[in-house]
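Geometric and topological summary
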Amino acid sequence: MKTVRKAVIPAAGLGTRVLPASKAMPKEMLPIVDKPAIQFIVEEAVRAGITDILIITNRGKSIMEDHFDRAPELEERLLASGKKEVYDEVVNLAHLANITYIRQKETRGLGHAISCAKAFVGDEPFAVLYGDDVILGEDPACGQLIRAYNETGKGIVGVKEVSEEAIQRYSSLKVEPLHDNWFTCTDMIEKPSKDKIMSLYSILGRCVLPPQIFDILAHTAPGAGGEIQLTDAMCELARTESMIAVDFTGKRYDMGNKLGVMQAQVEVALKHPEIGESFRAYLKELAKTL
C-alpha cells in the first residue's frame, strides 16, 4: 500500500459569504492574527508528513503563490534591520513543501476542482484539505486521517457532529460505530432536506482518497447547486467499498463564514505568544463596557 505523501487544497471558491473582504483578496488569505488561513492549512499538511501539495486556484488568486515564494527585497531589508527571526520565518515559507498550483478554469463545484488534480496525484492515495477550513490542534487532523488510511486502506473522511440546521448546509453520513472515534460509512448525501438526513455527522474539511476517485468523478453528474459534488463521488465509493469516518480531534474554523473568521481571530489571538496576554486583558476591559 502506497504512502500518503500528496495533498490537494481546493482554493478556487469565490468567497461570496465573506464579501466585500474577498472581492480583491482571496478568502484563503484572510489573516488569523499574523498568518493567512492558507498557511495554517499548509502547515497542518506538512506536520502530517505531506511533502507535495497542489493548490487549486482561479483568477485573482496569484497572491497565494506570492505568499509561499521568496521575496528577495523584503528578505534583504529584514536582514539589514537585524530582524533575523522574522527573516527566517519568511524564508521558511518557501520551503515548507513542494507546492504547485493549477487553475480551475470553470467554477463547477468541488468535485470538478478535485478532478483537476488527476495528473498531479497519479496512482497514489492523497489527502484533501478544504481551503475554507482551518483546523487547529496538537495532533493534525490530516495526520489522524492518514493513520486511519494506513491501517484500513479505505477512503477516509474527517467528520464532526453538527446541528440539524447546519447539516442541511453540509453533508449527512450513514455511519455505524467501529471503535473509539472511528465509524464505518456506507452512504452519504450532500445538502440533505430534513427528511433525508442520515445522521448529524458531516464531512468537515478533510478526507483521504484513493486514486480511483478520479474514475468516479469522470461520470459523476452535477448534483446540489448544479455543481459536480465531491460528496456524490465519495457516496459511490462508500456504497461499493465503504469508507471510514474519523471524528477528528481539533477545533475547526469555517473561514468562508464571517463568524468563523472572527472566532479564529479571537481564539488564536488569545493563545498567541506575542499578544495573547495583552489581548486577554483588553477583552476583559472591553467586557466591562458591554
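1. Section: a negative patch on the surface
A cluster of acidic residues, D34, E85, E89 and E274, forms a negative patch at the surface. Note that D34 resides in the loop between β2 (31–32) and β3 (35–36). D34 sits in the partly exposed class, given a relative accessible area of 48%.

2. Description of the side chain of S22
In this structure, S22 sits in the loop between β1 (6–10) and β2. Since its relative accessible area comes to 9%, S22 is described here as buried. Only 2.6 Å separates the side chain of S22 from the backbone oxygen of G15, close enough to count as a polar contact. Those residues within four positions of S22 in sequence are excluded, and the remaining contacts are L14, G15 and K27.

3. Quick word on the pattern of salt bridges
Under the definition given, this model contains 22 salt bridges. A salt bridge links D139 to R147; its shortest N-O distance comes to 2.6 Å. For R147, a relative accessible area of 45% puts it in the partly exposed group. We note a salt bridge from D187 to R239, for which the minimum N-O separation is 2.9 Å.

4. Focus: the pairing of strand β11 (residues 201–209)
Most of β11 sits inside the fold, with nine of its nine residues counted as buried. With four bridges joining them, strand β6 (residues 126–129) and β11 adopt antiparallel strand pairing. From the neighbouring strand, V128 faces β11, where its bridge partner is C207. In the sheet, strand β8 (residues 156–161) pairs with β11 via five bridges, with the strands oriented antiparallel. Each residue of the ladder has a partner; that of E161, found in β11, is Y201.

The rules we used
- Residues numbered from 1 in each chain as written.
- Predicted model: local features only at pLDDT ≥ 70, side-chain atom pairs only at ≥ 80, totals over all residues.
- Heavy atoms only, no water.
- Patch = residues over 30% accessible without salt bridge, like charges linked within 9 Å, V, L, I, M, F, W, Y side chains within 5 Å.
- Areas by Shrake-Rupley, 256 points an atom, 1.4 Å probe, with all protein chains shown as cover.
- Salt bridge = Lys/Arg side-chain N within 4 Å of Asp/Glu carboxyl O.
- Lys, Arg positive; Asp, Glu negative; His and termini not counted.
- Charge placed at Lys NZ, Arg CZ, Asp CG, Glu CD.
- Helix = DSSP H or I, 4+ residues; strand = E, 2+ residues; numbered from the N terminus.
- Buried < 20%, exposed > 50% of the residue type's maximum accessible area, 1.4 Å probe, protein only.
- Polar contact = N/O pair within 3.5 Å; in protein donor to acceptor, adjacent residues only side chain to side chain.
- Contact = heavy atoms within 4.5 Å.
- Pairing = 2+ DSSP bridges.

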